[in-house]
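For reference, the chains in residue letters:
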Amino acid sequence: MAEKTKGSETYGAGDITVLEGLEPVRVRPGMYIGSTGPAGLHHLIREIVDNAVDEAMAGYCTRIDVTILADGGCRVVDNGRGIPVEPHPQYPDRTAAEIVYTTLHAGGKFGGAGYKVSGGLHGVGASVVNALSTRLILEVDRGGERYEMSFREGGHPDGPLKMTGPSPKSRTTGTIVTFWPDESIFDDVEFRAQTVTERLQVMAYLNKGLEINFVDEREGREQKETFKYNGGIVDYVKHLNSSKESLFRKVGAYEQAETDMEVEIAFQWNTGYHESIHSFANGIATIEGGMHEEGFRKGLTNVVNRYARKHSLLKEKEPPLDGNDIREGLTAIISVRLREPQFEGQTKGKLGNVPVRSLVERATNAKLADWLEENPKEGRQIVGKAIIAARASAAAKQARDLTRRKSALDGAGLPGKLIDCSSRDPRESELFIVEGNSAGGSAQDARNPRVQAILPIRGKILNVEKARADKVLRNVEIQALIAAIGGGIDPEFDLTKIRYHKVILLADADVDGSHIRTLLLTFFFRQMKSLVEAGHIYVAQPPLFSTLVGKEKVYLKDEAAKNAFLEANPNHKSDFQRLKGLGEMDFDELRDTTMDPVKRSLLQITVEQAALADEVCSILMGEDVPQRRHFIQTNARDVRFLDI
């Protein structure tokens, strides 16, 4: 047996590495921005924009301009107060602006009087962007004077902050930050316009009247957009419900402020079967909910039940309406602002401030009750929909119980038989959901039977966007999916009981295949949302082309990959074969292109912005055909939507 390698017996103080200044950020960027992939890259813009939005929330900024420069850099301009430029009291030889951009955990959000509320909790935003850029230029306008400072790779100052002359007449105060992401840090430094604009639009909705302008100056991608919503989150609810059939035209809204806390809520019901509650704290999406959502849900259930009893819409002997039934078809935005938000985890996914729950519940108990009394027609429609939902819930419970009682995939009435893997370790196990029996046969031969399972489904599954839970649970194909995955179904889905950590959708790269993928993704988002949020859903990407290089066959994912190959190999003479559907592939071809972990290309599906995913599901699977056509035409060249 080989002897274990021991560490040095002279381990001492000299073995301790001290990372100074911004070095820790460059050594471990993932700790500060999550990853060095596309999400981390776009986080840089978000950090700088969030600082500008904090100025807007403080009441000093009315306009933010975000520009992707022709050379790939990014410039963010705001007309807020401008970063302080005087020497810092604790460090008189350095200006406050320099400290903000070169020191971790330095900023105006740690108890000073600069901000009442702020999204920048940890004070690392500006300095992290500086650390991960090859170059950053800071320009500050204060008191009618312009100050400038520049930084080179790693956030090192080129020199001290200097006054360069008077500010332009159009702006006496504000901050301009221009930066270029470091290619040695990120997998790719090319910003994606749609990712940026999606975030900017949400920030404009959450900050009533704030104007956010976006410009893309890159050649061939020139684009300009302006986001400004005088209705704020009321306009946001209208936008989210625009692809759905509203139960009534009005959008309700109320707000309440107390010392160091305020809440703003907008809501509207639609005729659909899914609740869409999206919450924010100081402009940060709290995708895991938290105290503000708890307060709203509890208050909403109490208010609607009191209203139903008071107006005899619910008889005394009848049980109270369940919160889930009341929220069926509800679209709501909850936006809270508070002095010291407590987020669970660095991702800021869940709000933990207990006093916020009480504030939201009190506001809902008082203000929503008033709204229902002032809008009796809408009040009766809400209660009526909830009563119908309650009946459907009872039927769904019976169907759910029936699903539970069935032994796991006993074959009774299933559209395709699960070909399971031998491993019982979910962490290494994969489930391929395969379109059609013929493709299932090829996949069975191509798989690694130890860790890869196959579930063929016949044709297109039920569109869950247009069906209540009881109908969904009676669908044979969906019963097969539920039983195979093993965690149950929302609202009782249990992530700890899933049988596979990779659930891979395998469908043809044609129109029918795209539709099947979208139906499956809609099912997972609506009925097993935590499975998507945990990153367990993937889309296989079978290549469209193959060609011979010598005697070796090379596979190319799509037209763009084919063009890139030709550019890299201008003398290539062999023909390109367009690959057939999955069912017509030989098993070895399917294995090499789509199932072998070493060679395949998988797209992981994530839910970074739940409201956006909700909107996409509603548009692609809803009733509004013109809006669906517009969405597809708009995104036809976008690889993200082509892939899924």
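See above for the structure.
Residues numbered from 1 in each chain as written. Predicted model: local features only at pLDDT ≥ 70, side-chain atom pairs only at ≥ 80, totals over all residues. Heavy atoms only, no water.

Moving on, we come to a negative patch on the surface. A surface patch of negative charge is lined by Asp71, Glu217, Glu219 and Glu222. Following the sequence through the fold, Glu217 ends up in the loop between strand 8 (211–216) and strand 9 (223–227). Residue classification places Glu217 among the partly exposed positions, given a relative accessible area of 40%. (Patch = residues over 30% accessible without salt bridge, like charges linked within 9 Å, V, L, I, M, F, W, Y side chains within 5 Å. Areas by Shrake-Rupley, 256 points an atom, 1.4 Å probe, with all protein chains shown as cover. Salt bridge = Lys/Arg side-chain N within 4 Å of Asp/Glu carboxyl O. Lys, Arg positive; Asp, Glu negative; His and termini not counted. Charge placed at Lys NZ, Arg CZ, Asp CG, Glu CD. Helix = DSSP H or I, 4+ residues; strand = E, 2+ residues; numbered from the N terminus. Buried < 20%, exposed > 50% of the residue type's maximum accessible area, 1.4 Å probe, protein only.)

Core analysis: the biggest nonpolar cluster contains 63 residues, and Ile64, Val66, Tyr101, Leu138 and Phe179 have the highest contact counts within it. Sorting elements by how many residues they give to this core places helix 3 (residues 38–57) first, with nine residues. Once you skip the residues sitting within four places of it in the chain, Val66 turns out to touch Ile45, Val49, Cys74, Arg75, Val76, Val196, Leu200, Asn213, Phe214 and Val215. In terms of nonpolar packing, the next biggest core, distinct from the first, is built from 37 residues, Leu247, Met261, Ile284 and Leu300 among them. (Core = buried A, V, L, I, M, F, W, Y, C linked by side-chain atoms within 4.5 Å. Contact = heavy atoms within 4.5 Å.)

Moving on, we come to the packing of aromatic side chains. Taken as a whole and judged by the stated rule, the model has twelve aromatic pairs. Ring plane angle 80 degrees and centroid distance 6.1 Å describe the contact between Phe267 and Trp269, whose orientation is recorded as edge-to-face. An aromatic cluster is built from Phe248, Tyr254, Phe267, Trp269 and Trp371, whose rings are joined through pairwise contacts. Against the face of Phe576 rests Lys562, its NZ or CZ located 5.1 Å from the ring centre. (Phe/Tyr/Trp six-rings, centres within 6.5 Å; stacked < 30°, edge-to-face > 60°. Lys NZ or Arg CZ within 6 Å of the ring centre and 35° of its normal.)

Read across the open sheet, the three strands follow the order 20-19-21; overall the sheet is antiparallel. In this open sheet, the two edge strands, each paired with only one partner strand, are strand 20 (552–556) and strand 21 (576–578). Adjacent strand axes in the sheet meet at a mean angle of 30 degrees when their direction is disregarded. Across five bridges, the pairing between strand 19 (residues 545–549) and strand 20 is antiparallel. In the strand pairing of strand 20, Phe545 is matched with Leu556. (Pairing = 2+ DSSP bridges. Axes fitted to C-alpha atoms, helices over the stretch in contact; angles between N-to-C directions.)

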